[in-house]
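Summary of structural features
Each chain, written out:
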Amino acid sequence: MSTTATSQTPQATTDSLEIRDSRTGTTYTVPIADGTIRTSDLRQIRVNESDFGLMGYDPAFMNTASCRSAITYIDGDAGILRYRGYPIEQLAGKASFLEVAYLLRNGELPDQKEYDRWVHDITFHTYVHENIKRFLEGFRYDAHPMSMMVAGVAALSSFYPEAKDIFDKRQRDISIIRLLAKVPTIAAYAYRHVKGLPCIYPDNDLSYSENFLSMIARMSESKYEANPVFTKAIEILFILHADHEQNCSTNAVRAVGSSHVDPFSAVAAGISALYGPLHGGANEQVLRMISEIGDMKNVPAFVESVKQGKGRLMGFGHRVYKSYDPRAKIVKKLADEVFASVGMDKDLEIAMELERIALSDDYFISRKLYPNVDFYTGLIYRAMKFPTDYFTVLFAIPRVAGWLSQWEEMLLDKEQKIARPRQIYTGYDERPFTPALDYRKKLVKF
Ligand code: ACO
């Protein structure tokens, strides 16, 4: 089902839903606005005075809007993705990532002066306290870089206690700049730590993407010059991953942020959610799946096993897109450019064969399972020689821009409160406790 682009304020409407409760014979009229009813309006539907009232049951939020948002618009059936009204196809390749980050947060594109200031501020906050570096050095040599990211970003919170003042706009401004600036530095330190290489300090003469690549790859050269195909790929991939409305990690940031914790802690929660294999971890799983397949000749048997329910074709399918993911189209083109620059290998050929078979197989067609953005991004990162377990980090860096925009929108939304869903209790009714075990008799003395 597609979402609907709506105005900023609820529509005044005479549309309504009539509900007849067969338990009492009473009919209720519930207003419809923006194609939704408010589930709190159902609470008036009760069988008697002591009844709590009717609730909606919606595990995994399959059909529940948790907020009003003016940031990102997706029409999953039509394959549309827009940031603040601008189609993703127009932003990717024409705008810079920092311009898009500004747009997401502020709602409008920056003018030259605003852009220069924004870039300057982010560039000059890229250094992290040396204790953050030492903290990251404490991880084992084989630590997953996403664990280091979660911990590193959460640790930043302790360096900026003033960030707790979330209703002071100046504090939000500086926290947002610090997070956008320092997350790539932490990400690069995590990369170098696992490789056993010394950390490279940020270079303020470089662009956001070039500086990141410099912190990743620079060795003894006095000035790092990135491969321009790689810089372009990183810049576009960062734009494509900057926001994606109410996905699992954004929902995590909003839910955790709704407790009014500081943004460093809320973003750390988003990174944790992104780590999971059904979300940002999928691009890593794509490459693991390909290496398990091992050879082109095993592809048909692998696809057959997926169709029999023995595992999933990672990088295929999406909760919202039931047609081609618009980001996947852009990434596929980008992948061709990167492969032309560095060449194809056996794994890339297996991936292309998987894609070819799946796109012509009725199992995938009938379930509207198309390649999602993660199918191709993993292949690009692999071609750029990033280790597989680093892929999700490359997703997390740009998503910080979206998380922070969504976090601030949530904070300033007068309708939002601490996120606290209801439940349908399915456990025991009250029952008496009778102490029976020996250890309780020994340890608990009343
Ligand atoms: N491979 C094989 N079958 C699949 C796949 C897949 N990748 N995805 C869904 N299906 C099948 C299901 O088995 C189910 O079949 P059935 O109707 O016969 O039972 C049907 O398609 C619907 O699947 P759901 O699980 O109900 O779809 P849902 O919208 O809940 O899941 C998800 C979306 C989690 C992305 C799923 O497609 C999946 O697991 N994909 C692989 C992981 C992946 O690539 N995740 C990245 C998502 S993009 C992102 O987070 C940036």
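First things first, this report covers the structure right here in the doc. Bear in mind the structure is a predicted one, so any value in this text is a computation, not a measurement.

Turning our attention to the site of the ligand. Around the ligand there are 19 residues in total, and Arg312, Leu313, Gly315, Phe316 and Arg319 lie nearest to it. One of the side-chain N or O atoms of arginine 319 is found 2.9 Å from an oxygen atom in the ligand. Contacts to the ligand include arginine 367, whose side-chain N or O atom sits 3.1 Å from an oxygen atom. Each residue belonging to the shell around the ligand can be placed in one class, and the counts come to nine nonpolar, five polar and five charged.

A few words now on the environment of valine 153. Positionally, valine 153 belongs in helix α5 (residues 145-159). Here valine 153 falls in the buried class, since its relative accessible area comes to 0%. When the C-alpha positions of valine 153 and arginine 43 are compared, they lie 40 Å apart, and in sequence the two are 110 residues distant. Other than its neighbours up to four places away in sequence, valine 153 contacts Leu179, Val183, Ile186, Phe264, Val267, Ala268 and Ile271.

Turning our attention to the pairing of strand β4 (residues 80-83). Residue alternation in β4 divides its side chains into a buried set, Leu81 and Tyr83, and an unburied set, Ile80 and Arg82. Bridging between strand β3 (residues 72-75) and β4 involves four bridges; their strand directions are antiparallel. Note on β4: the bridge partner recorded for tyrosine 73 is arginine 82. Linking β3 back to β4 in an antiparallel pair, the connection comprises four residues, with glycine 79 at a positive phi of about 70°. Pairing of β4 with strand β5 (residues 86-87) involves two bridges; the strand directions are antiparallel.

What counts and how
- Residues numbered from 1 in each chain as written.
- Predicted model: local features only at pLDDT ≥ 70, side-chain atom pairs only at ≥ 80, totals over all residues.
- Heavy atoms only, no water.
- Near = heavy atom within 4 Å.
- Polar contact = N/O pair within 3.5 Å; in protein donor to acceptor, adjacent residues only side chain to side chain.
- Nonpolar A, V, L, I, M, F, W, Y, C, P; charged D, E, K, R; others polar.
- Helix = DSSP H or I, 4+ residues; strand = E, 2+ residues; numbered from the N terminus.
- Buried < 20%, exposed > 50% of the residue type's maximum accessible area, 1.4 Å probe, protein only.
- Contact = heavy atoms within 4.5 Å.
- Pairing = 2+ DSSP bridges.

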